[in-house]
2 protein chains.
Amino acid sequence: MRIGVLGAGQLGRMLALAGYPLAKTFVFYDLSGSPSVGIGEVIVDRDGRYLDDFLSRVDRVTYEFEHLPVEVAEKIAAEKPVYPSPRALQVCQNREAEKTLFGELGIPTPQWKIATCADSLKKAAEELGCPVVAKSNTEGYDGKGQAVLRSPEEAAEAWKSIGHPRLIVEKFVEFSREVSMIAARAEDGDIAFYPMAENTHHEGILRYSIAPAPGLSPDTRSEAERYIRALLSELDYVGVLTLELFETENGLVANEMAPRVHNSGHWTIEGASTSQFENHIRAVSGHALGDTAARGVSCMINIIGEHGDIDSILRLPYAHVHLYDKGERPGRKLGHINILADSYEELVWRVRNCAEFLPGSPEFSCSLTRG
Amino acid sequence: MRIGVLGAGQLGRMLALAGYPLAKTFVFYDLSGSPSVGIGEVIVDRDGRYLDDFLSRVDRVTYEFEHLPVEVAEKIAAEKPVYPSPRALQVCQNREAEKTLFGELGIPTPQWKIATCADSLKKAAEELGCPVVAKSNTEGYDGKGQAVLRSPEEAAEAWKSIGHPRLIVEKFVEFSREVSMIAARAEDGDIAFYPMAENTHHEGILRYSIAPAPGLSPDTRSEAERYIRALLSELDYVGVLTLELFETENGLVANEMAPRVHNSGHWTIEGASTSQFENHIRAVSGHALGDTAARGVSCMINIIGEHGDIDSILRLPYAHVHLYDKGERPGRKLGHINILADSYEELVWRVRNCAEFLPGSPEFSCSLTRG
C-alpha cells in the first residue's frame, strides 16, 4: 500500500520508518519548500500545482502536520481516503472550534473568551481574572503566537505582539503537571490507549516526557480515556490522536489536541510494544491496532537547537538515539533520546546522566524530582 | 554520514531502517539487477560501469551480501573504508579457507577433505566415513550446491548434481541442535556479544530462531565467545559477524560464518536492547556499540514463499511483523515475525499460534518442544 503523507518533517520520517516493515511505501507532499523527511519520495509543491500528481501515486492519505489548508485536505478527501478526516484537521486548527467541541463533549477546559481587538482582550482579561493566556485562534504551535497577561493593562502590548485578528483568551489554570493521552482508533472503531505521559516544557517547547506518567491514579487515567474516546467517536477518527491535559486539584483540564502522532509519544518507539507511529500506519491502512503496553519505564528527551555530544550518548547502554538529520538552529527539534529503565528511581539518574551531554537541556524536573 | 551498501536485499533494508535514526543515509549498489531494498538510493550496475559513481556518493562501505567478487571489494577498499575488510569476505566465500582459518584458531570443525572429481569425492567419503556432506567450495548458500552421501557409491551422482569443480566434503556431525553466535566489533576493538540463538532449519532454510537459546550452559556460551572473539581479532573485523555452530556431546563445532548481519539475529529488532542492524551501523560508522542484552525471550519465524494471513498475525499482541515487500515465490524469504514473551513456556504457544497463520511453516520444533 502506498501512503501519502501531507507534510515532510520528522514525524513523517518516523511514520515511514515504522511503516516500511509493514510493506507500506511513502510519498510526502511538502508545501513548505523545506522537507526534512530524508526518506521516501518527496513532492515539493509550494504553489499547489502537483496535487493531482501526488494523488495519483498514493492509495491513502494522512498527515504529520495539521497546519495546512483544510480546502487542500477536503480536495484530497474527494479523491482518496484521508485519515483522520479533514474535520479533525479543521477542529484542531481553530482553538475556538476545539474548545467548543471539548465543551460539547463534557471535557473540561480553562474558562475562555474570544478577543477581536485590544479592548476586547482587556475586557476578557478583566472578566476572567488575571493571569490569562492569549493565543492566536489559528496558526499557533510550539508556544508561538501567545502572550501571558499578568494584568488587563498589558492587553494593548499583548495584542500588538501576537498580531492576530482573533484571539482566544484563557484563564490561567493552577496545575500540578502537564500530561498527555495518546490513543489510536482503527477503521472498525477499535480503540487502543497508550499509557499517559508526563510532559515538561521549557520556553514553550517540550523537553521531557516520562511514561507511564508516575503516580497517576486509575481514576485520572479513566477520565482521560473517557475524554479521548468521546473525541475519537465524535470525529469518527481513524489514526492516532493526542490530547494534552493539565492535572489539577479538581481533575483533568484539556489544553489542546493534535490530530496526529505527537512528540510526547516518541517514547513508544522502544518504550511500548507497538509505537505510536506503527499504530497510526496500522489504523490508516485498515489493519488491527498493536499492543500499546509499556515495556518498563521511559523518558524521552528532546534534542533542541544543538546536537550536543551524541557519541557519548551512544555509549550509554540505556539510551536510544533518534536523529532527524536536520541542521542546528536555535529552538529547532533535531532529534530525541529515549531512556529506558526498570524503575523510576533508575530512570531519573539515567536521564540526568544523558542530559549532561545535551548542553542546551534545562535541568531535568518532573513530579519525580520534585519529591 | 553516507553509507554505501554492497547488495540491495532485505538485510540492506533493515540496516537502513536502523541507520536512519542515527542520521545515516544509504546508497545501495546492486549487481544482481533485482534490488528489493525499497528504501534509500539504489544503483543497479550489472556490468560494473557505475562503481566510481557509487563511490563518489558514499563515505564508508559495507555489505549485506558476501557473494560478490573480492576484486570489487578490494577496488572499493582502495578508495573508501570498507567494513568488514575484503579479507573477511574472501574467507567467507571459500569454505576451504574458512575451515582452514577455523583450524588455525583452534575452532573445532567437522572433519573435512577436498574433492576435485567424482573419484576423489568417493575416496573422501570412504576415508571420512559416511554419511558425509559435500558442498561446493564457493558460491553456496541457503543449502544450495550441497548433497548428502549415505555411502561412497553415491559419489558420482552427487558430483554431477552439485556441478562444481571443487568440493569440500565434511563428516556428518551428530548434534543436538544448531546455534549461532552473533557479535559486533567496533573500530576501537571493543566487542559486544549477543545472546546465542537456537536455530531450526527446514529444507535448508532457516525457519525458527529462539533467543536466548534455552538451556545453554555458561561453558558453552564462553566457548562460543572465545571462538568468535578469535575470528574478530584475527580478521581485525569491524561490524557484525555471525558464527553458526553445532552443539554436540563434545562441545561446539563450527559450521560456517557470515561476515554480516544474519537471519538468526533478526529477533534482536525487538528482542534486544540494540538490534544487530543498529550495531552493525554503529561499528561501520565508528560509534560505540549498543547494549546487546535480551529483552525477554524471543522467537523469529521466517515467512517463506507465501505471506499467509498477515492481517490475523497483526492481531496477535505479541507479534512484530517485518515484511520485505517482495513478491511470493517458493523458498523466497518474504519477511519474518518476531514473537516476544516473558517465559519460554509462553513463547512456545505464542509461536504455535502465529505459525497457524503461515501455511507454509513446518511444525514448530526446537529443544523446548522436544522436552
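Above this note sits the structure.
Quick caveat, the model's predicted, so the values are computed rather than measured.

Caption draft 1: Structural view of helix α3 (residues 70-77) of chain A. Residues of α3 of chain A that are buried: V70, V72, A73 and I76 of chain A. Looking straight down α3 of chain A, one finds its buried side chains confined to an arc of 160 degrees; they lie on one side.

Caption draft 2: Summary view of the sheet that holds strand β3 (residues 41-44) of chain A. Residues and elements named next belong to chain A. Taken together, the four strands give an open sheet; going across it, the order is β3-β2-β1-β4, and neighbouring strands pair in parallel fashion. Taken across any chain shown, the strands that pair with only one partner, and hence form the sheet edges, are β3 and β4 (60-63). Averaged over all neighbouring strand pairs, the angle between strand axes comes to 25 degrees, with direction disregarded. Relative to strand β2 (residues 25-30), strand β1 (residues 2-6) runs parallel, the two being bridged by five bridges. Within the sheet, the bridge partner assigned to R2 lies in β2 and is T25. Taken strand by strand, helix α10 (residues 276-285) contacts β1, β2 and β4, and its axis lies near 145 degrees from that of β4.

Caption draft 3: Main features of the relation of the copies chain A and chain B. At an RMSD of 0.0 Å, chain A and chain B line up after a rotation of 180 degrees and a shift of 0.0 Å along the axis. Such values leave the two copies arranged in the relation of a two-fold axis. Ranked by how close their C-alpha atoms come to the rotation axis, the residues of chain A are headed by L17 of chain A, at 3.1 Å.

Caption draft 4: Broad picture of empty space enclosed by the protein. Summed over the entire model, instances satisfying the criterion amount to four cavities of 30 Å³ or more. Estimated volume of the largest cavity: approximately 880 Å³. Surrounding the largest cavity, 40 residues form its lining, I269 and E270 of chain A together with L17, I269 and E270 of chain B being those nearest its centre. Secondary structure elements with two or more residues in the lining of the largest cavity: α1 (10-19), α9 (268-271), α10 and β16 (319-323) of chain A together with α1 (10-19), α9 (268-271), α10 (276-285) and β16 (319-323) of chain B. Classifying every residue of the lining of the largest cavity gives 22 nonpolar, ten polar and eight charged.

Caption draft 5: Spatial organisation of helix α6 (residues 118-128) of chain A. Residues and elements named next belong to chain A. Taken as a whole, α6 has its buried residues at S120, L121, A124, A125 and L128. The arc enclosing the buried residues of α6, seen along the axis, measures out at 145 degrees, which places them on a common side. Among the exposed residues of α6, those pointing more than 90 degrees away from its buried face are D119 and K123. Elements in contact with the buried residues of α6: β5 (112-115), β6 (132-136), β7 (146-149), α7 (155-162) and β8 (167-171).

Caption draft 6: Expanded view of the pattern of salt bridges. Residues and elements named next belong to chain B. Counted according to the given criterion, the structure contains 39 salt bridges over all chains. Taking the shortest distance from any N to any O, the salt bridge between E346 and R350 comes out at 3.4 Å. Of the two residues, E346 and R350 both sit in helix α12 (residues 344-355), four residues apart, roughly one turn of that helix. Exposure remark for E346: the relative accessible area of 22% places this residue in the partly exposed category.

Caption draft 7: Focus on the side chain of D45 of chain B. Residue and element names in this part refer to chain B. If you trace the backbone, D45 turns up in the loop between β3 (41-44) and α2 (51-56). R49 is the oppositely charged side chain nearest to the buried, salt-bridge-free D45, at an N-O distance of 5.1 Å. Of the polar contacts made by the side chain of D45, one reaches the side chain of Y29; its length is 2.6 Å. Polar contacts involving the side chain of D45 include one to the main-chain amide nitrogen of L51, which spans 3.4 Å. For D45, the residues in contact, after removing those within four places along its chain, are Y29, D30, L31, Y50 and L51.

Caption draft 8: View of the interface of chain A and chain B. On the chain B side, the residues contacting the 28 residues of chain A number 28 residues. Of the roughly 2,600 Å² buried between chain A and chain B, counting both surfaces, carbon and sulfur atoms make up 53%. Where chain A touches chain B, the interface holds zero salt bridges. Sorting the residues of the side of chain A that touches chain B by element identifies α1 and β16 of chain A as the ones contributing at least two each.

Caption draft 9: Here's a closer look at the nonpolar core. Counting 126 residues, the largest nonpolar core has C299, I301, I337 and I339 of chain A together with I301, I337 and I339 of chain B as its most contacted members. Sequence-distant contacts of I337 of chain A, defined by excluding residues within four places in its chain, comprise C299, M300, I301, I303, I313, A319, H320, V321, C354 and L358 of chain A.

Caption draft 10: Spotlight on unusual backbone geometry. Put simply, C130 of chain A and P131 of chain A share a cis peptide bond, and its omega is 0 degrees. Checked against the element boundaries, P131 of chain A lands in the loop between α6 and β6. That bond from A211 of chain B to P212 of chain B is cis: its omega, -10 degrees, falls within 30 degrees of zero. The topology assignment puts P212 of chain B in the loop between β12 (205-211) and α8 (218-234). A positive phi angle is found at A23 of chain A, which is not glycine, with a value near 65 degrees. Turning to its location among the elements, A23 of chain A is positioned in the loop between α1 and β2. By relative accessible area, A23 of chain A is classed as buried at 16%. A positive phi angle, near 50 degrees, is found at E203 of chain A, a position not held by glycine. Relative to the assigned elements, E203 of chain A resides in the loop between β11 (197-202) and β12 (205-211).

Caption draft 11: Looking closely at the sheet that holds β8 of chain A. Residues and elements named next belong to chain A. Taken together, the four strands give an open sheet; going across it, the order is β5-β8-β6-β7, and neighbouring strands pair in antiparallel fashion. The two strands at the open ends of the sheet, each matched to only one other strand, are β5 and β7. The sheet shows a mean angle of 25 degrees between the axes of neighbouring strands, direction not considered.

The rules we used
- Residues numbered from 1 in each chain as written.
- Chains lettered and ligands numbered in written order.
- Predicted model: local features only at pLDDT ≥ 70, side-chain atom pairs only at ≥ 80, totals over all residues.
- Heavy atoms only, no water.
- Buried < 20%, exposed > 50% of the residue type's maximum accessible area, 1.4 Å probe, protein only.
- Helix = DSSP H or I, 4+ residues; strand = E, 2+ residues; numbered from the N terminus.
- Arc of directions from axis to C-beta.
- Pairing = 2+ DSSP bridges.
- Axes fitted to C-alpha atoms, helices over the stretch in contact; angles between N-to-C directions.
- Contact = heavy atoms within 4.5 Å.
- Least-squares fit on C-alpha atoms with pLDDT ≥ 70 in both.
- 1 Å grid on protein atoms, 1.4 Å probe; cavity = no way out; pocket = protein on both sides within 12 Å on 5 of 7 lines; lining within 4 Å.
- Points joined across faces, edges and corners; volume = space filled by probe spheres on them.
- Nonpolar A, V, L, I, M, F, W, Y, C, P; charged D, E, K, R; others polar.
- Salt bridge = Lys/Arg side-chain N within 4 Å of Asp/Glu carboxyl O.
- Lys, Arg positive; Asp, Glu negative; His and termini not counted.
- Polar contact = N/O pair within 3.5 Å; in protein donor to acceptor, adjacent residues only side chain to side chain.
- Buried area = accessible area lost by both parts, 1.4 Å probe.
- Core = buried A, V, L, I, M, F, W, Y, C linked by side-chain atoms within 4.5 Å.

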